[in-house]
Amino acid sequence: MGSEIRMIPEENSFRVFIGYDPREDEAYQVCRRSLLRRSTVPVSVHPIRQSDLRSAGLYRRERGPTESTEFSFTRFLTPYLASYRGWALFVDCDFLFLADPAALFALRDDRFAVMCVHHDYAPTETTKMDGAIQTVYPRKNWSSLVLYNCAHPKNVAALTPDAVSTQSGAFLHRFAWLDDADIGEISFVWNFLVGHNRVDPADPDRTAPKAIHYTTGGPWFERYKDCEFADLWIKELEELNAEKKTEKAAIPNAAST
């Protein structure tokens, strides 16, 4: 999505929508790269930018004091942006994929309206990231990575632009438009919360992270520069910057030929 909002129909690639916040642009770029470079199936990545949604008249709610990012609520427009067709993935920008996301996409099951990790997460910190308020509520972090069955009738009825602009945070983040049976479960390894989830040394194959979620803050914030798994994120960033440098250096050479 650029300055214009366009619906993203089903196509020959799996659609991934990443929550975008200007102060976490670096995190978005790393998340995007980690998805694309490890995927063995075609993937199309689309940032959900609040400014674009507002310009298009698709989002109008005032930002509240507990919204730690610009995509706290815009994430729930994923089915709408996917034209209410097929399946799509939403993911926060503070993720780093370590495994092939094709294995995640393959988990989709038409019995469910959404599929996510069913975290039992109650952080004790009062702030996170760059000083944002930390909140505790039922089903916290369930909405940070979601496989959406975009055409499911309950999603079509409930997740309209008007509803996303007006419904309460409790209604949206707790998936209150759905029955429990509509919410499929994904292994925590696809939304591995730094500081909360642990690798079991006796069973690393089933407990090692496939996607790391720096939910309280990642190394792009000074406060979390030495957090767990910071080295993996920094390595991905260094590789991304090296690629950009190579591409930039190649432009004059291409122009001269």
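Residues numbered from 1 in each chain as written. Predicted model: local features only at pLDDT ≥ 70, side-chain atom pairs only at ≥ 80, totals over all residues. Heavy atoms only, no water.

In the annotation of an unreviewed UniProt entry, the entry for the chain reads Glycosyltransferase, and the organism field reads Musa balbisiana.

1. Considerations on unusual backbone geometry
In the Ramachandran plot, Phe175 falls in the positive-phi region, its phi being about 55 degrees despite a non-glycine side chain. Its identity is not glycine, yet Phe229 carries a phi of approximately 70 degrees, on the positive side. When you line up the elements, Phe229 lands in the loop between strand E11 (211-213) and helix H9 (230-256). For Phe229, a relative accessible area of 18% gives the class buried. (Helix = DSSP H or I, 4+ residues; strand = E, 2+ residues; numbered from the N terminus. Buried < 20%, exposed > 50% of the residue type's maximum accessible area, 1.4 Å probe, protein only.)

2. Topic: the pairing of strand E1 (residues 14-19)
In summary, the side chains of a regular strand alternate between the two faces of the sheet. Here E1 lies mainly inside the structure; six of its six residues are buried. Across the two faces of E1 the burial is the same, with Phe14, Val16 and Ile18 and Arg15, Phe17 and Gly19 all buried. With six bridges connecting them, E1 and strand E2 (residues 43-48) associate as parallel partners. Residue pairing in the sheet places Ile18 in a bridge with Pro47 of E2. As judged from the four bridges shared by E1 and strand E3 (residues 87-91), these two strands associate in the parallel manner. What sits directly across from Val16, in E3, is Leu89. (Pairing = 2+ DSSP bridges.)

3. Focus: the sheet that holds E2
In any sheet, the strands associate via hydrogen bonds between backbone groups, in a parallel or an antiparallel arrangement. An order of E2-E1-E3-E8-E5-E9 is seen for the six strands of this open sheet, with the pairing classed as mixed. Of all strands in the sheet, those bounded by a partner on one side alone are E2 and strand E9 (183-186). Each strand axis lies, on average, 25 degrees off the axis of its neighbour in the sheet, ignoring direction. The pairing of E3 with strand E8 (residues 145-149) spans five bridges and is classified as antiparallel. Residue pairing across strands places Val91 opposite Leu145, the latter belonging to E8. (Axes fitted to C-alpha atoms, helices over the stretch in contact; angles between N-to-C directions.)

4. Structural notes on the environment of Ala157
Relative to the helices and strands, Ala157 resides in helix H5 (residues 153-158). Owing to a relative accessible area of 62%, Ala157 belongs among the exposed residues under this scheme. Sequence separation between Ala157 and Asp25 is 132 residues; the distance between their C-alpha atoms is 32 Å.

5. As for the sheet that holds E11
Spatially, E4-E11-E10 is the arrangement adopted by the three strands of the open sheet, whose pairing is mixed. In the strand order of this sheet, the two ends are held by strand E4 (95-97) and strand E10 (192-193), each with one partner. Here E4 runs beside E11; their pairing, made up of three bridges, is antiparallel. Paired with Phe97 across the bridge in E11 is Ala211.

6. Examining the pattern of salt bridges
Using the criterion set out here, one finds 17 salt bridges in the structure. In this structure, the salt-bridge partner of Arg33 is Glu239, at a minimum N-O distance of 3.1 Å. Of the two residues, Arg33 sits in helix H1 (residues 25-38) while Glu239 sits in helix H9, which places them 206 residues apart along the sequence. Salt bridges linked by common partners bring Arg33, Arg37, Arg38, Lys235, Glu236, Glu239 and Glu243 together as one network. (Salt bridge = Lys/Arg side-chain N within 4 Å of Asp/Glu carboxyl O.)

7. As for the packing of aromatic side chains
Here the structure, examined in full by the defined rule, presents 13 aromatic pairs. On the numbers, 5.9 Å between centres and 80 degrees between planes, the contact of Tyr214 with Trp220 is edge-to-face. Residues Tyr214 and Trp220 agree in their burial class; the two are buried. By way of ring pairs, the aromatic residues Phe76, Phe171, Phe175 and Trp177 are connected into one cluster. Between Arg61 and the ring centre of Phe73, over which it is positioned, the NZ or CZ distance is 3.9 Å. (Phe/Tyr/Trp six-rings, centres within 6.5 Å; stacked < 30°, edge-to-face > 60°. Lys NZ or Arg CZ within 6 Å of the ring centre and 35° of its normal.)

8. A few points about the environment of Ser168
By the secondary structure assignment, Ser168 is in the loop between helix H6 (161-166) and helix H7 (169-173). Residues Ser168 and Thr74, 94 residues apart in the sequence, show an inter-C-alpha distance of 13 Å. Within polar-contact distance, the side chain of Ser168 engages the backbone nitrogen of Phe171 at 3.1 Å. (Polar contact = N/O pair within 3.5 Å; in protein donor to acceptor, adjacent residues only side chain to side chain.)

9. Some details on the pairing of E3
With five of five residues buried, E3 is to be regarded as a mostly interior element. Judged by which residues are buried, E3 turns out to be covered on both faces: Trp87, Leu89 and Val91 on one side and Ala88 and Phe90 on the other are all buried.

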